[in-house]
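Chain residues, written in single-letter form:
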Amino acid sequence: MKLFKLLLSLFVCLFFLCPTGFAQKKPITKIHRQKASTKDASGWYYAKSTEGHFSVLLPMSFADYSVIAWDTLGKEIKTFAVGCKSDDNFEFGVMEIPRNKNKVDLKSMIKSFKPTAIKEEHTAAYSSIFGKVEGGGRYGYIKYVVTPKSLIMMSAECLTPTKSDLDRIYLTFFNSLKLL
């Protein structure tokens with residue numbers, strides 16, 4: 001599962017959201033903050049993406065970064081992310097990518113993770129799909145949020161033996177997402 005898989009799904013999503021494919025030019029990663037540590041009153045870390053259009057609460061200090069890639073026509077595609085990982089293998093991440101006007105099939109996207117539970121939500125501002133995943137010694141939750149301008153992917157995961165700890169906190173993370 002790991003955040004690497006989330007990153008991989010990001011580029012798969014970009015491929016579908018950017019129909020011309022990717023140029024051979026190597027993507028550029030821009031680190032805005034590392035080990036950012038602005039806590040709110042509850043002790044969670046307030047993570048507002050520097051260049052993105054979202055904020056979220058994370059349970060530990062985090063990194064804030066952007067990735068720039070190019071499609072085969074040379075059009076720049078920027079992604080925005082915040083994420084953190086603890087020494088005991090808890091990982092939380094949020095990535096935002098721009099989208100074109102094509103319909104996004106959330107069910108197909110989340111099915112690649114083989115979730116055991118799926119929940120959908122539709123509001124005037126966004127649509128989302130949420131799932132619980134387990135396998136390979138990992139346990140977690142993934143959520144995709146589609147807005148008129150972007151696709152946001154969220155992931156919370158841990159080693160399977162510590163899943164009860166994640167079960168106690170993942171909703172604070174997912175429910176804290178604010179679209180800016």
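For the structure, check the block above.
Source: prediction; values computed, not measured. (Residues numbered from 1 in each chain as written. Predicted model: local features only at pLDDT ≥ 70, side-chain atom pairs only at ≥ 80, totals over all residues. Heavy atoms only, no water.)

Turning our eyes to something else, we now look at the pairing of strand E2 (residues 45–48). Along E2, the buried face is formed by Tyr-45 and Ala-47; none of Tyr-46 and Lys-48, which line the opposite face, is buried. Judged from the four bridges that link them, E2 and strand E3 (residues 54–58) form a sheet pairing that is antiparallel. The residue bridging Tyr-46 from the neighbouring strand is Leu-57, located in E3. Linkage of E2 to E3, two consecutive antiparallel strands, is achieved through a turn of five residues. (Buried < 20%, exposed > 50% of the residue type's maximum accessible area, 1.4 Å probe, protein only. Helix = DSSP H or I, 4+ residues; strand = E, 2+ residues; numbered from the N terminus. Pairing = 2+ DSSP bridges.)

So, on to the nonpolar core. Core analysis: the biggest nonpolar cluster contains 29 residues, and Leu-58, Phe-92, Leu-166 and Phe-173 have the highest contact counts within it. Elements with a minimum of two residues in this core: E2, E3, strand E5 (76–85), strand E6 (91–98), strand E9 (138–146), strand E10 (150–159) and helix H3 (163–175). Discounting chain neighbours no more than four positions away, the residues touching Phe-173 are Trp-44, Val-56, Leu-57, Leu-58, Phe-92, Gly-93, Val-94, Met-154, Ser-155 and Ala-156. Ala-81, Met-109, Ile-110 and Val-146 belong to the second-largest nonpolar core, a separate cluster that totals 17 residues. (Core = buried A, V, L, I, M, F, W, Y, C linked by side-chain atoms within 4.5 Å. Contact = heavy atoms within 4.5 Å.)

To continue, consider H3. Its 13 residues give H3 an end-to-end C-alpha distance of 19 Å, which sits within 8% of 18 Å, the value for a rise of 1.5 Å per residue. At Ile-169, H3 shows its maximal kink, close to 40 degrees. Turning to H3, its buried residues number three or more, namely Leu-166, Tyr-170, Phe-173 and Phe-174. (Expected span 1.5 Å × (residues − 1). Bend = angle between axes of the 7 residues up to and from the residue.)

The tally for this structure, following the rule as stated, stands at nine salt bridges. The closest approach of N and O atoms between Asp-64 and Arg-33, which form a salt bridge, is 3.0 Å. Here Arg-33 lies in strand E1 (residues 28–36) and Asp-64 lies in strand E4 (residues 62–70), a separation of 31 residues in the sequence. For Asp-64, a relative accessible area of 0% corresponds to the buried category. Across the salt bridge formed by Glu-51 and Lys-78, the nearest N and O atoms sit 3.0 Å from each other. Taken together, the positions of Glu-51 in the loop between E2 and E3 and Lys-78 in strand E5 put the pair 27 residues apart, joining distant regions of the chain. Taking the relative accessible area as the measure of exposure, Glu-51 reaches 23% and is therefore partly exposed. The class for Lys-78 is partly exposed, based on a relative accessible area of 27%. Each member of the salt-bridge network shares a partner with another, and the members are Lys-85, Glu-91, Arg-138 and Glu-157. (Salt bridge = Lys/Arg side-chain N within 4 Å of Asp/Glu carboxyl O.)

A few words now on the packing of aromatic side chains. A full pass over the atoms with the stated rule returns eight aromatic pairs. On the basis of an interplanar angle of 15 degrees and a centroid distance of 5.6 Å, the ring pair of Phe-130 and Tyr-141 is categorised as stacked. Within this pair, whereas Phe-130 is found in strand E8 (residues 127–135), its partner Tyr-141 is found in strand E9, the two being separated by 11 residues in sequence. Considered together, Phe-130 and Tyr-141 belong to a single accessibility category, that of buried residues. Ring centres 3.7 Å apart and planes at 10 degrees place the aromatic pair Tyr-141 and Tyr-170 in the stacked group. (Phe/Tyr/Trp six-rings, centres within 6.5 Å; stacked < 30°, edge-to-face > 60°.)

Looking now at the sheet that holds E3. Strands pair in a sheet through their backbones, by hydrogen bonds, and they do so in one of two ways: parallel or antiparallel. The strand order E2-E3-E11 describes an open sheet built from three strands, whose pairing is antiparallel. Pairing within the sheet leaves two strands with one partner each, and these edge strands are E2 and strand E11 (178–179). Note that E3 and E11 share two bridges and pair antiparallel. Of the residues in E11, the one forming a bridge with Phe-54 is Leu-179.

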